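# Observations on the three-dimensional arrangement
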Amino acid sequence: MHCPFCRHSDSRVVDSRTADDGTLIRRRRQCPSCSRRFTTVETASLMVIKRSGVTEPFSRDKVIAGVRKACQGRPVTEDALALLGQRVEEAVRATGSAELSTHDVGLAILGPLRELDLVAYLRFASVYRAFESLEDFESAVAELRDGFAEGPPAQRRDDGADQASADKT
Ligand SMILES: [Zn+2]
């Protein structure tokens, strides 16, 4: 690692610590030539293959930006979005593959988003699954209803009820 200040070809690690639940390591480095310090961040390489065939590094920020769009006007906080981004990244990294499709990333978003906000979930799903008709939308809503009917954890059912009553007021 070159020193970003004087381009010296070597640097010494003075501190390293994991961050973000272990998905990245920050190293504090010092240049032996100019003595200045800088930080490097190390993460496992994770590439996303877009529909066009172009690959780009996985970006949690892009996930959050996409979800934020679906959450417009919904009672979803930035903290909740950040947490969702983290959960999505953990989920896609847990697959162990170094390359994912945008479809895989979308799938990983659906679960946590459904727990976060049902309306945002439907909005996101309608784009992600390219709903073309009202029927597509209705069947997605029916899926959601079935999911609740099948007996999700009691706590989640309570959350759903709270949300429903909050929407009416
Ligand atoms: Zn230097």
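In this report, the structure presented in the accompanying data block is examined. (Residues numbered from 1 in each chain as written. Predicted model: local features only at pLDDT ≥ 70, side-chain atom pairs only at ≥ 80, totals over all residues. Heavy atoms only, no water.)

### Section: the sheet that holds strand 3 (residues 37–43)
Quick note on the threshold: DSSP calls a pair of strands paired once it identifies at least 2 bridges connecting them. Under the DSSP-based scheme used, a helix requires at least four consecutive residues in state H or I and a strand at least two consecutive residues in state E, with every element numbered from the N terminus. Axis geometry follows a simple rule: fit a line to the C-alpha atoms, using only the stretch in contact for helices, then measure angles between N-to-C directions, giving values from 0 to 180 degrees.
An order of 1-2-3 is seen for the 3 strands of this open sheet, with the pairing classed as antiparallel. Both edges of this open sheet fall to strand 1 (12–19) and strand 3, since each of them pairs with a single strand only. Neighbouring strand axes in the sheet, compared pairwise and without regard to direction, differ in orientation by 20° on average. Here strand 1 pairs with strand 2 (residues 24–30) via 7 bridges, running antiparallel. Each residue of the ladder has a partner; that of Val-13, found in strand 2, is Arg-29.

### Considerations on the coordination of the zinc ion
Here is the rule: A donor here means an N, O or S atom no more than 2.8 Å from the metal, or no more than 3.2 Å when the metal is Na, K or Ca. Since water is not included, a site may seem to lack partners. Any coordination sphere not matching a tetrahedral pattern (four donors, all angles between 85 and 135 degrees) or a square planar or octahedral pattern (four or six donors, opposite donors over 155 degrees apart, other angles between 65 and 115) is reported as irregular. Burial status follows relative accessibility: with a 1.4 Å probe on protein chains alone, a residue under 20% of its type maximum counts as buried, one over 50% as exposed, and anything between as partly exposed.
Protein coordination of the zinc ion is provided by Cys-3 (SG), Cys-6 (SG), Cys-31 (SG) and Cys-34 (SG), with donor distances spanning 2.2 to 2.4 Å. One way to put it: the 4 donor atoms around the zinc ion meet at angles of 105 to 119°, and that makes the site tetrahedral. Counting residues between consecutive donors of the zinc ion along the chain gives the motif C-x2-C-x24-C-x2-C. In this pair, Cys-3 is assigned in the segment before strand 1 and Cys-31 in the loop between strand 2 and strand 3, connecting sequence segments 28 residues apart. Exposure remark for Cys-3: the relative accessible area of 0% places this residue in the buried category.

### Here we look at the packing of helix 3 (residues 102–116) against helix 4 (residues 118–128)
Under the convention used in this document: Should an angle fall under 35 degrees it is called roughly parallel, over 145 degrees roughly antiparallel, and 65 to 115 degrees roughly perpendicular, with every other angle called oblique. Crossings are classed by handedness, with left-handed meaning an anticlockwise turn of the near helix from the far one by less than a right angle and right-handed meaning a clockwise turn. The criterion used for residue contact is that any of the two residues' heavy atoms lie within 4.5 Å. Put simply, Ala, Val, Leu, Ile, Met, Phe, Trp, Tyr, Cys and Pro go in the nonpolar bin, Asp, Glu, Lys and Arg in the charged bin, and everything else, Gly too, in the polar bin.
The geometry of helix 3 relative to helix 4 is characterised by a closest axis approach of 8 Å and an angle of 160° between their N-to-C directions. Here helix 3 is positioned roughly antiparallel relative to helix 4, judged by the angle of their axes. Relative to helix 4, the crossing made by helix 3 is left-handed. Contacts from Thr-102, His-103, Gly-106, Leu-107, Ile-109, Leu-110, Leu-113, Arg-114 and Leu-116 of helix 3 reach helix 4 at Leu-118, Ala-120, Tyr-121, Phe-124, Ala-125 and Tyr-128. Looking at the contact of helix 3 with helix 4 residue by residue, the class counts come to 11 nonpolar, 3 polar and 1 charged.

### Observations regarding the pairing of strand 3
Pairing analysis gives 7 bridges linking strand 2 to strand 3, with the strands arranged antiparallel. Counterpart to Arg-26 in the pairing with strand 3 is Val-41. Two successive antiparallel strands, strand 2 and strand 3, enclose a turn made up of 6 residues, where Ser-35 displays a positive phi of approximately 70°.

### As for the sheet that holds strand 5 (residues 55–57)
Read from one edge to the other, the open sheet built from 3 strands follows the order 5-4-6, with strand pairing classed as mixed. On the outer flanks of this sheet lie strand 5 and strand 6 (99–101), each paired with one strand and no other. Mean inter-strand twist for the sheet, computed between neighbouring axes without regard to direction, equals 35°. The pairing of strand 4 (residues 47–49) with strand 6 spans 3 bridges and is classified as parallel. Bridging across to strand 6, Ile-49 finds its partner in Ser-101. The strands touched by helix 3 are strand 4 and strand 6; relative to strand 6, the strand with the most contacts, the crossing angle is about 75°.

### Concerning unusual backbone geometry
Located in the positive-phi region is Arg-7, a residue other than glycine, with phi close to 65°. Inspection of the secondary structure assignment puts Arg-7 in the segment before strand 1. With a phi angle near 70°, Ser-35 is a residue other than glycine that sits in the positive phi range.

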